[in-house]
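Structure at a glance
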Amino acid sequence: MSNSLPKAEYLRKDDGTVLLCHERRDVPVVSVLLRIPGGNLYNPLDRPGLAALATDLVGEGPVGTTPMEWRRITEKLAAEIEFDSGPDYSTIRFSCLSENLGELCNLTRRAIEEPGLPRSEWKQIVKTMRASLREHWAQPSSVSNHLSAVQSLGYSHPLAHAPFEKALAKATLEQGVAVAGQVLQKQNGTCGMIGGDIDSEDGFKYLSELVGALREITIPVDDAPEPKPSAARIWIADNRKVDQVFFTLSRRGICAGDPDRIALRLANYMTGGGAFESRLMDKVREEAGGTYGIHSRLQEQRLETPFKISSFTKVERLGEMLGIVDQTLKEIVEQGFTEDELKTARGNLYGALPLRLTSPSAILDWVAAGIRAGLDQDALEQDWHAYETMPLEKVNAAARRVIGDGEFRKTFVGPAQEIQRQVSAAGGVEIFPFKTMPDKWPHAMISER
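The shown structure was predicted, so the numbers you read here are calculated from the model rather than taken from an experiment. (Residues numbered from 1 in each chain as written. Predicted model: local features only at pLDDT ≥ 70, side-chain atom pairs only at ≥ 80, totals over all residues. Heavy atoms only, no water.)

Digging into the sheet that holds strand S7 (residues 234-238)
The strand order across the open sheet formed by 6 strands is S9-S10-S8-S11-S7-S12, and the pairing between neighbours is mixed. Among the strands making up the open sheet, the edge pair consists of strand S9 (294-298) and strand S12 (429-433). Neighbour to neighbour, the strand axes of the sheet diverge by 15° on average, direction disregarded. Bridge count between S7 and S12: 5 bridges; the pairing is parallel. (Pairing = 2+ DSSP bridges. Helix = DSSP H or I, 4+ residues; strand = E, 2+ residues; numbered from the N terminus. Axes fitted to C-alpha atoms, helices over the stretch in contact; angles between N-to-C directions.)

A word on helix H13 (residues 360-372)
Over its 13 residues, H13 extends 18 Å from the first C-alpha to the last, a length consistent with the 18 Å expected when each residue adds 1.5 Å. All of the buried residues along H13 are Pro-360, Ala-362, Ile-363, Leu-364, Trp-366, Val-367, Ala-368, Gly-370 and Ile-371. On its buried face, H13 sits against strand S1 (9-12), strand S2 (18-23), strand S3 (29-37), strand S6 (191-196), helix H12 (339-356) and helix H14 (377-389). Gly-374 lies just past H13 and shows a positive phi near 80°. (Expected span 1.5 Å × (residues − 1). Buried < 20%, exposed > 50% of the residue type's maximum accessible area, 1.4 Å probe, protein only. Contact = heavy atoms within 4.5 Å.)

Focus: the sheet that holds S2
Pairing in this open sheet of 6 strands is mixed, and the strands run S1-S2-S6-S3-S5-S4 from one edge to the other. Looking at which strands have only one partner, the edges of the open sheet turn out to be S1 and strand S4 (82-85). Taken over all neighbouring pairs, the strand axes of this sheet differ in orientation by 15° on average, direction set aside. Here S3 runs beside S6; their pairing, made up of 6 bridges, is antiparallel. When the sheet's bridge partners are listed, Val-32 is paired in S6 with Ile-194.

Focus on the packing of aromatic side chains
One pass over the structure, following the stated rule, counts 7 aromatic pairs. Taking the centre distance of 4.4 Å and the plane angle of 0° together, the rings of Tyr-350 and Trp-384 count as stacked. Placement of the pair is Tyr-350 in helix H12 and Trp-384 in helix H14, with a sequence separation of 34 residues. The same class applies to Tyr-350 as to Trp-384, namely buried. Taken together, the aromatic side chains of Trp-137, Trp-235, Phe-432 and Trp-441 make up a single cluster linked through ring pairs. (Phe/Tyr/Trp six-rings, centres within 6.5 Å; stacked < 30°, edge-to-face > 60°.)

Digging into H12
In this model H12 runs 26 Å from its N-terminal to its C-terminal C-alpha over 18 residues, within 8% of the 26 Å that 1.5 Å per residue would give. For H12, the set of buried residues is Leu-342, Ala-345, Arg-346, Leu-349, Tyr-350 and Leu-353. Viewed along the axis of H12, the buried residues span an arc of 120°, placing them on a single side of the element. For H12, the exposed residues set more than 90 degrees away from the buried face come down to Asp-340, Lys-343 and Leu-355. Taken together, the buried residues of H12 touch helix H9 (261-273), H13, H14 and helix H15 (392-403). (Arc of directions from axis to C-beta.)

A few points about unusual backbone geometry
Phi is positive for Ala-78, which is not a glycine, with a value near 55°. Its location among the elements puts Ala-78 in the loop between helix H2 (67-76) and S4. When its relative accessible area of 64% is taken as the criterion, Ala-78 is described as exposed. In this structure, Leu-117 takes a positive phi of about 45° despite not being glycine. Following the sequence through the fold, Leu-117 ends up in the loop between helix H3 (101-113) and helix H4 (119-136).

Describing the environment of Asp-383
For Asp-383, the position within the fold is in helix H14. A relative accessible area of 9% places Asp-383 in the buried class. Separated by 33 residues in sequence, Asp-383 and Tyr-350 place their C-alpha atoms 9.5 Å apart. In contact with Asp-383, not counting residues within four places along its chain, are Arg-261, Ile-262, Arg-265 and Leu-375. In this structure the side chain of Asp-383 is engaged in a polar contact, spanning 2.7 Å, whose partner is the side chain of Arg-261. (Polar contact = N/O pair within 3.5 Å; in protein donor to acceptor, adjacent residues only side chain to side chain.)

Observations regarding the domain arrangement of the protein chain
Each assigned domain of the protein chain is listed with its residue range as follows: domain 1 (9-216) and domain 2 (234-427). Relative to domain 2, the C-alpha centre of domain 1 lies at a distance of 30 Å. Taken together, the contact pairs 32 residues of domain 1 with 34 residues of domain 2. It is Pro-140, Leu-147 and Gln-151 that lose the most area in domain 1 upon contact with domain 2, and together they represent 22% of the buried surface on that side. If you look at where domain 1 meets domain 2, you find 12 residue pairs in polar contact (both at pLDDT 80 or more). For the side of domain 1 that touches domain 2, the secondary structure elements donating two or more residues are S1, S2, S3, helix H5 (140-153) and S6. Among the elements that make up the side of domain 1 that touches domain 2, the one with the highest residue count is H5 (12 residues). Here the side of domain 1 that touches domain 2 is composed, by residue class, of 17 nonpolar, 11 polar and 4 charged. (Domains from an automatic or database assignment. Buried area = accessible area lost by both parts, 1.4 Å probe. Nonpolar A, V, L, I, M, F, W, Y, C, P; charged D, E, K, R; others polar.)

Some thoughts on the pattern of salt bridges
Taken as a whole and judged by the stated rule, the model has 28 salt bridges. Between Lys-186 and Asp-15 there is a salt bridge, with the nearest N and O atoms lying 3.3 Å from each other. Of the two residues, Lys-186 is situated in the loop between helix H7 (173-183) and S6 and Asp-15 in the loop between S1 and S2; the sequence distance between them amounts to 171 residues. One salt bridge in this structure joins Arg-279 and Glu-341, with 2.7 Å as the shortest N-O distance. (Salt bridge = Lys/Arg side-chain N within 4 Å of Asp/Glu carboxyl O.)

Structure, rendered in structure tokens:
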């Protein structure tokens with residue numbers, strides 16, 4: 001039995017573009033993905049979501065083809081060419097039978113080189129996204145998550161700049177067309193991936209052609225702004241129609257490629273990232289019965305992402321639950337984890353990675369994420385084996401680092417009067433109606449203009 005992870009062939013071009021290919025001949029299918037730096041970094045401050053609208057418009061097909069004709073063409077090939085916009089990059093992807101690869105690549109090149117950007121589809125695209133956002137922002141858990149991002153990072157940060165209906169209602173086709181020209185620029189760090197029933201020589205040829213279709217850069221993407229945490233440590237979105245409180249605790253996190261990443265992953269797993277096998281779940285759910293679930297998240301992205309702890313509980317039990325969370329984190333800092341806890345975390349994280357890498361797309365995405373973090377495939381392999389050997393003292397040190405002094409920024413969604421009675425006002429409190437949109441949240445627009 002081989003004790004190594006799958007690899008992708010790798011080619012770095014002079015312009016900073018990275019091409020990846022993973023060959024697997026057992027199924028006659030090929031998957032292609034281009035990842036282009038930009039995404040939400042191209043959103044104007046008053047138009048969150050504009051980059052997503054623009055990439056959706058590009059996906060309606062090239063000049064000279066109506067959106068309906070475009071769908072019929074791709075459906076005949078049992079494929080769909082998708083254009084998406086993410087926090088700090090845009091993507092173009094499709095999967096197809098290997099016999100149709102050449103035709104799909106030509107179609108994708110057409111859509112990239114001469115996007116039709118049809119006026120007839122703009123209103124429908126905006127309407128669809130607005131309807132989806134209306135439902136999204138009605139969910140207390142969604143609002144709590146977005147509140148925490150803005151409170152920790154600042155409204156202008158691309159990881160906190162969430163779209164909302166009112167902002168998109170004012171978006172115009174002309175604005176969308178302008179941003180569409182930006183999201184298709186070939187930036188340094190553009191990554192092309194192809195995997196499946198294809199050899200690397202042909203794969204790199206197709207990827208080079210697709211990347212070559214991207215526009216030459218005229219507007220470099222700005223670096224992400226520094227995080228700007230809010231002055232007030234407590235934000236409460238007043239919602240008197242619920243009998244539960246949704247809350248998120250956040251503090252400074254990490255970036256991808258952190259030197260302590262393996263110890264930090266293990267520490268996060270044992271704190272709250274391991275679901276039923278974590279300290280927080282053990283104390284808050286199993287012993288106290290205060291919630292159905294509590295989780296910690298320590299994401300690793302190119303941009304710094306906060307360390308978060310999220311949960312919900314009955315209004316009258318909020319103070320009790322926060323006390324248990326504080327005490328649990330204090331015990332982790334002062335006493336550390338046990339060898340038995342570490343053994344469980346090691347086994348899960350070590351086994352989960354190869355179980356996830358079962359398709360060319362998953363393998364390529366994993367390798368590409370490593371490259372974005374400055375890690376080559378040897379480093380990714382070493383990381384995997386490090387789960388088995390990371391000593392407990394380093395994991396405990398990582399836990400102390402991420403929990404820090406235990407002072408978190410805290411967001412709450414629920415009845416404000418009842419919440420206020422159960423939380424400390426140290427650090428300042430901001431209260432506003434639940435239906436307030438992000439551009440009116442505290443700190444959102446005033447200090448970042």
